[in-house]
Amino acid sequence: MTSTDTWLVWLDDDLRLDDNPLWQAALEEHPAHLLLVYILPETTFQPVGSVSPDVARLQPLSLARQRFLLESLESLQAGLQTLGSDLLILQGDAAHLIPELARQHACRGVIARRATGLVERRQQQAVAASCRLRQVNSGLLLDEDDLPFTLSELPETFSAFRRKLKKAYPDIQAMPAPMAAPCALPSWPEQAPRGMQGSARRLHAARDWQSDPRGEHAFLGGEPAALQRLEHYLSPEHAGQYKTTRNRLSGADFSTRFSAWLALGCLSPRRILDRLHTFQKTLPELCETPQAAFKDSDWIRVELLWREYFHWDTRQLGRQVFLAGRPGTDSLRHEACAAIPDALARWQAGMTGVPWVDAGMRELAATGWLSNRMRQNVASYLIKDLGVDWRLGAAWFEHQLLDHDVASNWGNWRYLAGVGRDPRADRHFNMMKQARQHDPLGHHVTRWIPELETLPAGMQRHAPWITWSFRVTPGASGGINGTTQSGYPRQPLHLVDAWQPHLSDVTPTRVKPWLSGSFERG
């Protein structure tokens with residue numbers, strides 16, 4: 001080894017200093033210099049809809065995703081500079097760019113996290129064919145060697161997976177611990193460029209994007225913001241009530257919102273679990289009902305295990321993650337890719353005529369985030385009620401969600417569609433039952449669909465067609481199948497018979513009092 005030895009660290013969803021095994025792996029090689037590289041996918045700035053969900057390519061990023069990524073990259077670069085290092089950001093095909101950079105700067109090898117997604121795994125295979133590649137497990141609670149079974153023996157259900165882990169790791173302390181951030185890193189190669197180069201600079205245009213304030217929480221990318229959120233949320237009033245509040249629809253703190261930072265690797269799941277354990281130990285000193293707070297906060301651990309399960313499932317399935325799951329339907333019809341069906345387009349735009357669904361889709365477009373409750377509902381409506389291929393919905397979420405990662409997103413869509421593990425046909429949400437339970441006064445739908453504010457509070461806001469079909473409303477036009485003056489549909493795209501029992505008390509002039517037991521705030 002000479003003093004000019006350089007190693008390339010290929011960062012993907014690892015945009016943090018804390019608990020990042022890539023730094024340890026790099027320092028073990030005793031390099032004189034480290035070249036740290038992030039590659040924006042070729043498809044980043046392409047028009048939405050230009051990448052078919054049934055091909056092995058990443059979806060374009062919405063402006064919300066671009067801005068969150070920009071903030072996260074800038075934050076990481078600033079942190080690296082304090083350690084004597086830096087960051088190079090390019091756009092293109094990583095399978096070509098990484099080997100080329102390694103050759104240009106005479107790197108002895110490349111270090112990268114072991115990829116989960118199919119596209120990333122294929123890129124790593126191509127890099128490994130051109131230069132020395134050292135893969136490191138990162139971003140999960142467990143390494144593959146830590147699993148109490150082989151990957152081929154991954155349980156068919158989450159419940160079985162959870163039981164096996166509980167037996168192998170009876171408490172949080174038994175799980176692998178996080179590692180500290182490095183105090184310093186080897187210097188930057190003298191001839192290597194720094195910062196954003198070439199077409200990657202287009203990412204700066206996303207800085208102007210602003211989240212809609214109706215979302216009540218503005219995400220800020222980067223590790224400092226992630227750690228600040230972690231400390232803020234781990235309190236009796238937030239984490240101590242998590243299981244109780246997690247089905248709410250609005251507010252800044254009913255959900256952890258850790259997923260956005262987890263997706264880009266600004267936050268480590270092991271760090272979350274470690275801090276959760278510390279928080280739970282202090283509960284007797286912090287609140288009057290520590291046992292209840294412990295149970296509620298422990299659901300955060302359960303959610304991390306769900307994330308873990310989907311990641312191992314995705315690694316095992318490979319290409320199968322993107323298959324429809326039914327014989328003869330593995331490829332999307334050509335016309336479905338060339339011209340998006342009307343049903344899908346109206347679902348994406350929040351114009352299906354079902355306010356419960358449309359409010360969720362508008363919130364997603366305006367903020368880049370959606371509560372777990374709404375994700376399940378809008379996905380169920382697309383798949384089960386409109387009959388649209390679930391992969392088109394998963395691709396839209398991939399384009400829009402700040403917290404998109406391939407395993408959790410595609411795994412959840414497969415699960416709901418009944419084509420993943422533990423397949424069942426009854427994962428079908430009744431939109432009106434859900435609306436009555438979670439938004440009985442219609443406050444949530446009118447927050448995102450102000451066109452309905454003139455309707456009385458209650459289920460009329462969830463079924464406006466009942467009022468509009470019996471009387472002419474001011475500004476109504478186009479007949480029963482047209483739109484109101486505001487442009488909102490007068491009739492839903494698809495009516496479901498099973499909704500009727502939950503609307504039997506709704507008439508054009510009278511609505512019975514709303515039911516108690518709602519999760520809705522205020």
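Placed above this text is the structure.
Reading the values: rules and limits
- Residues numbered from 1 in each chain as written.
- Predicted model: local features only at pLDDT ≥ 70, side-chain atom pairs only at ≥ 80, totals over all residues.
- Heavy atoms only, no water.
- Pairing = 2+ DSSP bridges.
- Helix = DSSP H or I, 4+ residues; strand = E, 2+ residues; numbered from the N terminus.
- Contact = heavy atoms within 4.5 Å.
- Axes fitted to C-alpha atoms, helices over the stretch in contact; angles between N-to-C directions.
- Salt bridge = Lys/Arg side-chain N within 4 Å of Asp/Glu carboxyl O.
- Expected span 1.5 Å × (residues − 1).
- Buried < 20%, exposed > 50% of the residue type's maximum accessible area, 1.4 Å probe, protein only.
- Parallel < 35°, antiparallel > 145°, perpendicular 65-115°, else oblique.
- Left-handed = near helix turned anticlockwise from the far one by under 90°.
- Nonpolar A, V, L, I, M, F, W, Y, C, P; charged D, E, K, R; others polar.

A.B. asks: Even after reading the chapter, I still don't get the sheet that holds strand β1 (residues 6-11), so can you show me in this structure?
C.D. replies: As a general point, the strands of a sheet are linked pairwise by backbone hydrogen bonds and lie either parallel or antiparallel. Pairing is parallel in the open sheet, where 6 strands are placed in the order β5-β4-β1-β2-β3-β6. Two strands in the sheet have a free side with no partner beyond their single neighbour: β5 (133-136) and β6 (195-196). Bridge analysis of β1 against strand β4 (residues 107-113) gives 5 bridges, and the strand direction is parallel. Bridge pairing links V9 to I111 in β4. The strands touched by helix α1 (residues 21-28) within the sheet are β1, β2 (33-40), β4 and β5, with β1 carrying the most contacts at an inclination of about 170°. Each of β1, β2, β3 (88-91) and β6 touches helix α2 (residues 63-82); the most contacted strand, β2, lies at about 175° to it.

A.B. asks: So what exactly am I meant to see when it comes to the pattern of salt bridges here?
C.D. replies: Pairing is possible between side chains of opposite charge, provided their charged atoms come close. According to the stated counting rule, one finds 20 salt bridges in the structure shown. The closest approach of N and O atoms between E100 and R103, which form a salt bridge, is 2.9 Å. In this pair, E100 and R103 are both assigned in helix α3 (residues 94-104), 3 residues apart and thus about one turn of the helix distant. For the salt bridge of D505 with R436, the shortest nitrogen-to-oxygen distance reads 2.7 Å. One end of the pair, D505, is in the segment after α20 (464-470); the other, R436, is in helix α18 (residues 431-438), with 69 residues separating them in the sequence.

A.B. asks: Please explain α2 as it appears in this structure.
C.D. replies: For an α-helix the count is 3.6 residues per turn, leaving residues at separations of three or four pointing the same way. Over its 20 residues, α2 extends 29 Å from the first C-alpha to the last, a length consistent with the 28 Å expected when each residue adds 1.5 Å. Counting buried positions along α2 gives 15 out of 20 residues, so the element sits mostly inside the fold. Immediately downstream of α2, the backbone of G84 shows phi near 85°, a positive value.

A.B. asks: I would appreciate a short explanation of the packing of helix α15 (residues 372-385) against α18 in the present structure.
C.D. replies: Helix packing for two helices is described by the angle between their axes and how far apart those axes are. Taken N-terminus to C-terminus, the directions of α15 and α18 make an angle of 165°; their axes are 11 Å apart at the nearest point. Relative to α18, α15 is oriented roughly antiparallel. Here α15 runs over α18; the crossing is left-handed. Only M431, Q434 and H438 of α18 make contact with α15, whose side of the interface consists of R373, N377, S380, Y381 and D385. Of the residues in the contact of α15 with α18, the class split is 2 nonpolar, 4 polar and 2 charged.

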